[in-house]
Amino acid sequence: MRTARLRTVHPALWAGWAALAAGAVLCVLGWYGVSGERYAERQLPYLASCTIPGAALIVAATVLLTHGRSALAAARVEELYGLLVAAEANDVEESAQAAAAPVAISGDLLMVPGGALWHRADCPLVAGKPEAVPVDSKLVANGELSPCPICEPAEADD
């Protein structure tokens, strides 16, 4: 689900790499020209015509590459934000459907020995636990057990 813009390389990146290559070539040519001359007055033309413009191109390439990378990163963040918003909308729809559907509907009541809550038999907190036993009505009457807030077994008594 990536956009076509992310598949292509940003034009600033191409320009940055080209400027970097040209700057490196100019710096090498300037160095080679300077290294072949013994006197400073003969080295200055190489510095002025090759090395200084080459260094300027390398600085420009750095700026272009930085801009291209940040533009690419901004596009990726925008795409991820769009995916997040779409996923969040799906989660809201699913949670609305889940809120409408009861978690547990069984009429059988269970408890875990040593626990403080009583549950419906299909409550996710006790479903499949072999240690769950039927609720002792004495514990419920004494108030030692509270209804589970997940499956709300108090509605089973109503």
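Residues numbered from 1 in each chain as written. Predicted model: local features only at pLDDT ≥ 70, side-chain atom pairs only at ≥ 80, totals over all residues. Heavy atoms only, no water.

Trainee: Hey, could you go over the confidence of the model for the chain for me, with residue numbers and the actual values?
Mentor: Low-confidence regions, as indicated by low pLDDT, have predicted coordinates that should not be scrutinised in detail. Within the chain, residue pLDDT values average 79, and 80% of them lie at 70 or more. At the low end of the mean pLDDT range in the chain sits helix 1 (residues 4-7), at 50; at the high end sits helix 2 (residues 11-35), at 90. (pLDDT = per-residue confidence, 0-100. Helix = DSSP H or I, 4+ residues; strand = E, 2+ residues; numbered from the N terminus.)

Trainee: Pulling in residues and values, what's your account of helix 2?
Mentor: Compared with the 36 Å implied by 1.5 Å per residue over 25 residues, the 36 Å span of helix 2 between its first and last C-alpha is a close match. Residues of helix 2 that are buried include every one of A12, L13, G16, A19, G23, G30, G33 and V34, and no others. (Expected span 1.5 Å × (residues − 1). Buried < 20%, exposed > 50% of the residue type's maximum accessible area, 1.4 Å probe, protein only.)

Trainee: Tell me what's going on with the environment of W118, and back it up with residues and numbers.
Mentor: Positionally, W118 belongs in strand 2 (residues 117-120). Residue classification places W118 among the buried positions, given a relative accessible area of 6%. Between the C-alpha atoms of W118 and E144, which are 26 residues apart in sequence, the distance is 9.9 Å.

Trainee: Summarise the nonpolar core; cite the residues concerned and give the values.
Mentor: The nonpolar side chains of a soluble globular protein tend to be buried, and buried together. L110, C123, V126, A132, C148 and C151 together form the largest nonpolar core, which totals six residues. Setting aside its immediate chain neighbours within four residues, A132 contacts L110, M111 and V126. (Core = buried A, V, L, I, M, F, W, Y, C linked by side-chain atoms within 4.5 Å. Contact = heavy atoms within 4.5 Å.)

Trainee: Got a sec to walk through a nonpolar patch on the surface? Specific residues and values, please.
Mentor: Judged by side-chain polarity, L44, L47 and I52 come together as a nonpolar surface patch covering roughly 280 Å² of accessible area. Residue position: I52 is located in helix 3 (residues 40-100). Owing to a relative accessible area of 56%, I52 belongs among the exposed residues under this scheme. (Patch = residues over 30% accessible without salt bridge, like charges linked within 9 Å, V, L, I, M, F, W, Y side chains within 5 Å. Areas by Shrake-Rupley, 256 points an atom, 1.4 Å probe, with all protein chains shown as cover. Salt bridge = Lys/Arg side-chain N within 4 Å of Asp/Glu carboxyl O.)

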